[in-house]
Amino acid sequence: MAGTTTADAPAAETSEAELTIGGMTCASCAARVEKKLNRMDGVTTATVNYATEKARVRFAAGTTLDDLVATVERTGYTAQPVPRAAPAPPPAAPGPRPDTSASRASTPGEEPGAAEDDRTTAQDAADRGAADALAALRQRLLASVALAVPVVLMAMVPVLQFDNWQWLSLTLAAPVVVWGGLPFHRATWTNLKHGAATMDTLVSVGTLAAFGWSVWALFLGDAGMAGMRHGFEATVSRSDPSSTIYLEVAAGVITFILLGRYLEARSKRRAGSALRALMHLGAKDVTVLRDGREVRVPVGRLAIGDHFVVRPGEKIATDGTVVEGSSAVDASMLTGESVPVDTAPGDFVAGATLNVSGRLVVEATRVGADTQLARMAKLVEDAQSGKAAAQRLADRVSAVFVPVVLLIALGTLVTWLLVTDDVTASFTAAVAVLIIACPCALGLATPTALMVGTGRGAQLGILIKGPEVLETTRRADTVVLDKTGTITTGRMTLGAVHTAAGTTEADLLRLAGALEHASEHPIAQAVAAGAADRIAGELPAPGSFTNVPGLGVRGTVEGREVLAGRPKLLADAGIDLPPSLSDAMTDAASQGRTAIAVAWDGAARGVLEVADAVKDSSADAVAELRALGLRPILLTGDNQAVADAVARAVGIDEVYAEVMPEDKVDVVRRLQAEGRSVAMVGDGVNDAAALAVADLGLSMGTGTDAAIEAGDLTLVRGDLKVAADAIRLSRRTLSTIRSNLFWAFGYNVAALPLAAFGLLSPMIAGAAMAFSSVFVVTNSLRLRSFT
């Protein structure tokens, strides 16, 4: 069967499929295909998106991809399955990796990234097909414009009506109606064979009726006589039917609608440009280390555990961990963050990001569909395929709208004939009803706004999982914020340094940092890292080192016996803290910070404070969330003193501290029981359940996979300020959808009576209908400028 790539593929293997649908020309086409698919035995749900020209189908065992394609083709359209990305294989077992390049080359179907490559190739083919279709539509439009403009001018400007001008009009208008309007006539015939009517039916019937009437009047009536003249009116005119021609209506309407189609198609491509850019960001090939040699291979042949080289100026081929080298990495294409990030051994790097300076050796940890880039593209595509509640109503309306309009047009014709007995006016009013009622704008209202909004979000590091999320962002009035990794950095950082009389800060940091550097404890590592940064030099190596469990560390540095840890460690050595240092310890504890006492040569020398530092942007982010009408709440498992200190630092009044992971859900539910619509921002496994229960879950992209999967919005950069941006973008997108739908509904509701009462000529109606769709798409494109 045409377009099928997996014959008789059982549903047990593919419970969800995506199809590219060809031949759809309006929202009612999409509604017909969706209705037919949903009526199939074994199909759970099917949604068809007119703007993206794709269908997403969930189906049960016993149904095959062939069955889905056959149903679409019986409906009068074409269908082709989109290749699905296969999950990546599990990590390789530890130990030396054999050179598998030969076997991989011989079995490309089993390569980890092959399915993803197939998907990208299919997208490339679809893009080329869309570009070719756009070029053909442009050619048809330009030819129709060249032929139709003289026809319209001669009909509108009496001074141009020379003897027998009407025959020249017929000669010019015929190719426009027959060839220019061929897509409409072909689609009408196809739908007619399946007992259906779409927007094309209205256009085809209206223009062929006007053209047919004109041919009858020219050959059998008085309109073909030399010297025939008539003027142009914006409303329905009354005259002798045998001397009235509508060639300018037939040619003008076809041309206007072709123009609308062309602008619509071009705008749809612009709207989807962000997703296409995402899918093509990645590197095409990569330098892999095989047995100590550098081998250049396609990215699809990378496997988890492979070590690959990234030189300055190259894209990082896939997600991985740096094992050698240091550099600055530009991740702006994924996170929206413009400043390159310093990267060293042990740091995570994402595929498709750009290595700016040094040479890196990276161990691949994710390949194919599991990479951050692939998951971003999938999330964006899923969001663009969905439908908001308002759009589902629009789909139901457009599905029945065309048959209703045909009845209204027939009723208009009969009513005018009975009331006025004027055939010309009756016919003109009926044609105007047919032409102005096309519900194109209804079908474009939601998809185009979603395409642009989600695409722009992806560029800014904001992933919106679906259109239903947009409604929730509008209702949310409370935002619950996790502390660690969300408001704070999630890692211990050296803070204030207090010295005793006669001790310099440089000496304190050098000796304490050197001793702590030998410890693996996170607090010790924070002290060592902070000390190295502040003294801007190498820390000396300790001569001896002893870990004292539960108390701290002791050892010899530069010939001095140094102790660092709890005050009891010093007390056990007979060293007392002077009042100034004792007060510093007490103050640090009250602020929720960890204090480390340092002594050497039998005397206390200073106190170092260590804490999970608040991110620089968190206070501004909380202020922005407040400005959006959200009430911020801090929710953490940390102790009350720490939580209160962090809350004060960022401007939060309401705090829930010492909350166990399983109790976070209870807090969210309690807030919901109070009538609040709760948004939750988190990043850890312990936040996943609360993110899922919240009305709106915002997960930090720097967090765990469980949190990211549970969230409705993913903030790739991990910056809390992006949470406010995400809510603003979601609300702006929803507002655009609503304004689009209002325009589309309002246009049809207002225009139909005008046409039926003879207040619009058919050509004016055609122009208005075409530009209603252009308005909706243009309104959606304004989201591209969101900042």
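Residues numbered from 1 in each chain as written. Predicted model: local features only at pLDDT ≥ 70, side-chain atom pairs only at ≥ 80, totals over all residues. Heavy atoms only, no water.

Colleague: Before we go on, may I ask you to explain a nonpolar patch on the surface in this structure?
Modeller: Residues Val 145, Val 149, Leu 153, Met 156, Val 157, Val 159 and Leu 160 make up a contiguous nonpolar surface patch of about 540 Å² in total accessible area. Take Val 159: it is sitting in the loop between helix H4 (114–156) and helix H5 (165–180). Overall, Val 159 belongs to the exposed group, its relative accessible area being 72%. (Patch = residues over 30% accessible without salt bridge, like charges linked within 9 Å, V, L, I, M, F, W, Y side chains within 5 Å. Areas by Shrake-Rupley, 256 points an atom, 1.4 Å probe, with all protein chains shown as cover. Salt bridge = Lys/Arg side-chain N within 4 Å of Asp/Glu carboxyl O. Helix = DSSP H or I, 4+ residues; strand = E, 2+ residues; numbered from the N terminus. Buried < 20%, exposed > 50% of the residue type's maximum accessible area, 1.4 Å probe, protein only.)

Colleague: I'm lost on the UniProt feature "transmembrane region" (unreviewed entry) in the protein chain in this one. Help?
Modeller: UniProt marks residues 141–159, 165–184, 196–219, 245–263, 397–419, 425–446, 740–757 and 763–781 with the feature "transmembrane region" (unreviewed entry), using the numbering shown here. Between the C-alpha atoms that bound residues 165–184 the distance is 28 Å, and the span itself is 95% helix and 0% strand. Structurally, residues 196–219 comprises 88% helix and 0% strand, and the distance from its first C-alpha atom to its last is 33 Å. (UniProt positions renumbered as here; feature names shortened; annotations may be inferred.)

Colleague: Looking at this structure, I do not really get the packing of aromatic side chains. What am I missing?
Modeller: Two numbers describe a pair of aromatic rings. These are the distance of the centres and the angle of the planes. For the structure shown, the criterion picks out 4 aromatic pairs. Plain terms: the ring middles of Trp 213 and Trp 216 are 6.0 Å apart, the flat faces sit at 65° to each other, and that makes the pair edge-to-face. Here the residue Trp 213 and the residue Trp 216 both occupy positions in helix H7 (residues 199–219), the gap between them amounting to 3 residues, near one helical turn. The exposure class assigned to Trp 216 is partly exposed, which follows from its relative accessible area of 39%. Between Trp 743 and Phe 775, the aromatic rings sit 4.5 Å apart at their centres with planes inclined by 40°, giving tilted as the arrangement. (Phe/Tyr/Trp six-rings, centres within 6.5 Å; stacked < 30°, edge-to-face > 60°.)

Colleague: So what exactly am I meant to see when it comes to unusual backbone geometry here?
Modeller: A negative phi angle characterises most non-glycine residues, just as the trans form characterises most peptide bonds. For Asp 291, which is not glycine, the phi dihedral falls at a positive 55°. With a phi close to 55°, Asp 601 is a non-glycine residue in the positive phi region. Residue class for Asp 601 comes out partly exposed when judged on its relative accessible area of 47%.

Colleague: Please clarify how the pattern of salt bridges should be interpreted in this entry.
Modeller: Side-chain pairing between opposite charges can occur once the charged atoms of the two side chains come close. Taken as a whole and assessed by the stated rule, the structure comprises 24 salt bridges. Between Arg 676 and Glu 674 there is a salt bridge, with the nearest N and O atoms lying 3.4 Å from each other. Taking relative accessible area as the criterion, Arg 676 reaches 14% and is therefore assigned buried. When salt bridges that share partners are traced, they join Glu 16, Glu 18, Arg 56 and Arg 58 into one network.

Colleague: Looking at this structure, I do not really get helix H21 (residues 618–627). What am I missing?
Modeller: An α-helix turns once every 3.6 residues. As a result, residues three or four positions apart point the same way. Three or more residues of H21 are buried, namely Ser 618, Ala 621, Val 622 and Leu 625. Taken around the axis of H21, the buried residues stretch over an arc of 100°, which confines them to a single face. With its phi angle positive at about 90°, Gly 629 sits one or two positions after the end of H21. (Arc of directions from axis to C-beta.)

Colleague: Quick question: what am I supposed to make of the sheet that holds strand S25 (residues 696–700) here?
Modeller: In any sheet, the strands associate via hydrogen bonds between backbone groups, in a parallel or an antiparallel arrangement. Ordered in space as S14-S26-S25-S24-S15-S22-S23, the 7 strands form an open sheet in which the pairing is mixed. Every other strand in the sheet has two partners, leaving strand S14 (462–464) and strand S23 (654–656) as the edge strands with one partner each. Each strand of the sheet is rotated relative to its neighbour by a mean of 20°, with strand direction disregarded. As paired elements, S14 and strand S26 (residues 713–715) share 3 bridges and run antiparallel to each other. Paired with Ile 464 across the strands is Leu 713, a residue of S26. Lying on the sheet, helix H23 (residues 664–673) is in contact with strand S15 (478–482), strand S22 (631–635), S23 and strand S24 (678–682); it crosses S23 at an angle near 145°. Strands in contact with helix H26 (residues 721–756) are S14, S25 and S26; relative to S14, the strand with the most contacts, it is inclined by about 45°. (Pairing = 2+ DSSP bridges. Axes fitted to C-alpha atoms, helices over the stretch in contact; angles between N-to-C directions. Contact = heavy atoms within 4.5 Å.)

Colleague: Just to check I follow, could you spell out the sheet that holds strand S1 (residues 16–22) for this structure?
Modeller: Spatially, 4 strands are ordered S2-S3-S1-S4 in an open sheet, and the strand pairing comes out antiparallel. On the outer flanks of this sheet lie strand S2 (43–49) and strand S4 (78–81), each paired with one strand and no other. Each strand of the sheet is rotated relative to its neighbour by a mean of 25°, with strand direction disregarded. As paired strands, S1 and S4 are joined by 4 bridges and run antiparallel to one another. Of the residues in S4, the one forming a bridge with Ile 21 is Ala 79.

Colleague: Would you mind showing me how to read H23 here?
Modeller: Turning to H23, its buried residues number three or more, namely Lys 664, Val 665, Val 667, Val 668 and Leu 671. Angularly, the buried residues of H23 cover 165° about the axis, an arc narrow enough to put them on a single face. Those residues of H23 hidden inside the fold are in contact with S15, S22, S23, S24 and helix H24 (688–693). Where H23 terminates, the next one or two residues include Gly 675, which has phi positive at roughly 95°.

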